[in-house]
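Per-entry structural report
Read off the chains here:
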Amino acid sequence: MKTWARLMVLIAPYWKSMLLATALSFLTVASGIGLMATSAYLIAGAALHPPVLELMEAIVGVRFFGISRAVFRYLERYFAHDATFRVLSRLRVWFYTALEPLAPARLMEYRSGELVSRIVADVGTLEQFYLRVLAPPLVALLVLLAVFAFLAWFELRLALTLLFFFLTAAVAVPLGVRALSRGTGRRMVETRSALNAQMVDTIQGMTEIAAFNRAGRQQEQVKALSGKFMDLQGRVAGIRGLSAALTGLLMNLTMWSILLLAIPLVQQGKLDGVYLAMLALGALSSFEAVLPLPMVFQHLEESLAAARRLFAVTDAAPAVQELPGPSPEPRSYDLRVSGLRFRYAPDEPRVLDGVNFVLPGGGRLAIVGPSGAGKSTLVNLFLRFWDYQEGSISLGGHELKAFSPDDLRRYISVVTQHTYLFNATVRENLLLAQPGAGEKELPRAAREAQIHEFIQSLPRGYDTYVGEKGYKLSGGQCQRLAIARALLKNAPVLLLDEATAGLDPVTELEVMESIHRLMEGRTTLVITHRLTGLERMDEILVFERGRIVERGRHRDLLKRGGLYRSMWELQNPV
C-alpha cells in the first residue's frame, strides 16, 4: 500500500486530465452501447414496415451514436495519453533529480545497464498504471450502473442477470488471473532488467570479449536470460488468452440469458417485441468495459514491482549531507588538510589516516605513491563525492562541508585519467565546462591546450563528432580536450588525477606542457604515480597506505633515498 500511495502522489498533479479521460472513456463505451442498442431497435422496428417518420428518431440516434463514439474515442485517447506521457516525463525528471545527488558513492553497487533499465524500462512500465490499472475499473463501474438502470427500467430481473455475469467477469475472472499469474509480473520486470544490464555490459565490453574469444559465453548468458523472459511472456500470453475466452463466454451467456428471460415477457405482452434485440445486444456491448479488467492485477503487479525498484534507488540517503543556508564565499583559494581520516564503509580499513598538509593559494602540490595509497580518495573528498569522518579540509578558511557540492565544484576544475567525452561534437564536449562560452573562448582554450590545429584538421572542425567516450580520438587528444575544458571553466582550483596515465612518453611530455600552462595562476593539486614533470612542484607528498611517509621538493626527495627515490629509479632505469 505504501508503494501504491507514493505512486498516487506522483501522478496527483494530473488528476484533472485523468478524470476527464476516464469520463471520455465512459462516454465512448456508452456511445457504443447506444449505437448497438439503437441499431437493433431500428432493424427490429423496420421489420414491421411502419411509416418512415416513426423510425426517424432511431435513424438520428444511430447517426449520433456512431459519430459521437468516434469523437469521444479520439478525445479519450488524446487526453489519456497526454496525461500519461506527462506523468512519465515527470517520473523521469524526478528519478534523475533523485539520482544525481547519489552519484557516485551510492551508485557503485549498481551496474550501469541496470540503472539504464530502471530509468527507461521501469519508468516506461508505469505507463500502464493509469491506462490499464486505474482507469478501466472506474469506467466499468460507471457502465455497469448506467446499463443496470437502463435494463431495470424495463424489467428488474434483466438488470440482476446483467449484474451477476458482469461482476463475474469483472471480479471473479481477474481474481482467477491474479492467482494464476502471481509473481509473474515481478519476475518479468526483474528478468528484463537483468537482460538489459547484460546487453549493456556485453556492448561496452565487446572489444575485450572478442579479444579473449569469449563471445560464445556471453551469447549463452544473453540467450539464457532471453529464454527466461520469453517463457514469462508466454505464460502471460496464455493467461491473457484464457481470460479473454472466459470473458467472451460470460458475455455471450449474458446475452442468451437476457433473451431467455425477455422472450416470455414478450409472449405475455409485458414487453414490446421490438425491444427484445435492443436489450440483449445492449447488454452484450456493455462488456466492452470489462475486457481490460482480467489483466488489471497483472499490470498492477508489474507497475508496483517497477515502482519499488525506482524507490529502492531514490530512497537511498546521499553520502554527502548539505547544511542549510547559503554556501560561504572563500576569502582565498588555499587548501588546508588537518588530521584527515577516512574509510568508505564502517567495516573497511582506513584509506586515509592522519593526513596533514597546506596548499597555499596559487601553489603547486603533488601527491605520489603506489596504487591503493589513497591518492584518488583525496579527489573524491575535495569534490564532496564522499564526506570525511574525522579531521578537516578547508578552502579559503571555510570547512568543505559548509559548501554545497554544486557551489564547491564551481571553484574546481578536474582533469582525470579517464576523461569522459560524450557522443557529441567537440564543441558540445568543450561547452560542458562553460555553456555560455562564445566563438572566441573555445579556440583560445584549445590553443592553450595545444589541440586547436588538430580540431581544425577534422572534417567538420569543432562540429565533428568524437564518438562515445571519444573513441575516434587518441588518448593524448582526449586528455588535451579535457585540459581545454578545464581552461574554459577557468576555476581557481585545479585537480589533476593521473592526467597523463596510460600515455606514451612522448605524448606524456607534450600533455605535461599543456598541463603546466593550465596550472598558471591556479591552486594546483597533482595526483599521480608517474613522476614526470614534478620538478616544477612547490612540494611533493609521498603516500603509502593512507599516510604521508615523505614530503619535500623533487631534488630533496631523491637525495633521501626513500620510497620516492625507489619509484624514480623504477621509472627511470639507468
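The structure presented is a predicted model; accordingly, all values stated were derived computationally and were not measured.

Across its full length, the chain holds 20 helices and ten strands. Taking 574 residues into account, the globule formula puts the C-alpha radius of gyration at 25 Å, and the chain, at 35 Å, lies well above it. Structurally, the chain occupies a C-alpha span of about 120 × 55 × 50 Å along its principal axes. When burial is assessed residue by residue, the chain has 47% of its 574 residues classed as buried. Residue pairs in contact within the chain that sit at least 24 positions apart in sequence constitute 76% of those at least 6 positions apart. Of the roughly 28,800 Å² that the chain leaves accessible, carbon and sulfur atoms contribute 59%. Both charge centroids of the chain, one from 62 positive and one from 52 negative side chains, sit 3 Å from each other.

Quick look at the environment of Met206 now. Along the polypeptide, Met206 turns up in helix 8 (residues 206–211). With a relative accessible area of 43%, Met206 lands in the partly exposed category. A sequence separation of 50 residues divides Met206 from Leu156, and the C-alpha atoms of the two residues are 70 Å apart.

Further remarks concern the sheet that holds strand 3 (residues 364–368). Taken in spatial order, the six strands of this open sheet run 6-7-8-3-9-10, and their pairing is mixed. Of all strands in the sheet, those bounded by a partner on one side alone are strand 6 (412–416) and strand 10 (547–552). Sheet twist, expressed as the average angle between the axes of neighbouring strands with direction ignored, equals 15°. Looking at chain direction, strand 9 (residues 539–544) and strand 10 are connected through five bridges and run antiparallel. For Phe543, the partnering residue across the bridge sits in strand 10 and is Ile548. The strands touched by helix 12 (residues 375–382) within the sheet are strand 3, strand 6, strand 7 (493–497), strand 8 (523–528) and strand 9, with strand 8 carrying the most contacts at an inclination of about 140°.

UniProt tags residues 19–302 as "domain: ABC transmembrane type-1" (unreviewed entry). Strand forms 0% of residues 19–302 and helix 83%; the C-alpha atoms that close the span are 23 Å apart.

On to the UniProt feature "transmembrane region" (unreviewed entry) in the chain. The sites that UniProt annotates as "transmembrane region" (unreviewed entry) are residues 133–154, 160–180, 242–263 and 275–297. Regarding residues 133–154, the helix share stands at 100% and the strand share at 0%, and the terminal C-alpha atoms are separated by 33 Å.

Evaluation of the coordinates by the stated rule reveals 21 salt bridges. For Arg350, the salt bridge goes to Glu390, with nearest N and O atoms at 3.1 Å. Taken together, the residues Arg350 in the loop between strand 1 (335–342) and strand 2 (352–359) and Glu390 in strand 4 (residues 390–395) connect sequence positions 40 residues apart. By relative accessible area, Glu390 is classed as partly exposed at 37%. A salt bridge links Arg427 to Glu439; the shortest N-O distance between them is 3.0 Å. You can see Arg427 sitting in helix 14 (residues 426–431) and its partner Glu439 sitting in the loop between helix 14 and helix 15 (441–448), a full twelve residues away along the chain. Residue classification places Glu439 among the exposed positions, given a relative accessible area of 58%.

The rules we used
Residues numbered from 1 in each chain as written. Predicted model: local features only at pLDDT ≥ 70, side-chain atom pairs only at ≥ 80, totals over all residues. Heavy atoms only, no water. Helix = DSSP H or I, 4+ residues; strand = E, 2+ residues; numbered from the N terminus. Rg over C-alpha atoms; globule rule 2.2 N^0.38 Å. Buried < 20%, exposed > 50% of the residue type's maximum accessible area, 1.4 Å probe, protein only. Contact = heavy atoms within 4.5 Å. Areas by Shrake-Rupley, 256 points an atom, 1.4 Å probe, with all protein chains shown as cover. Lys, Arg positive; Asp, Glu negative; His and termini not counted. Charge placed at Lys NZ, Arg CZ, Asp CG, Glu CD. Pairing = 2+ DSSP bridges. Axes fitted to C-alpha atoms, helices over the stretch in contact; angles between N-to-C directions. UniProt positions renumbered as here; feature names shortened; annotations may be inferred. Salt bridge = Lys/Arg side-chain N within 4 Å of Asp/Glu carboxyl O.

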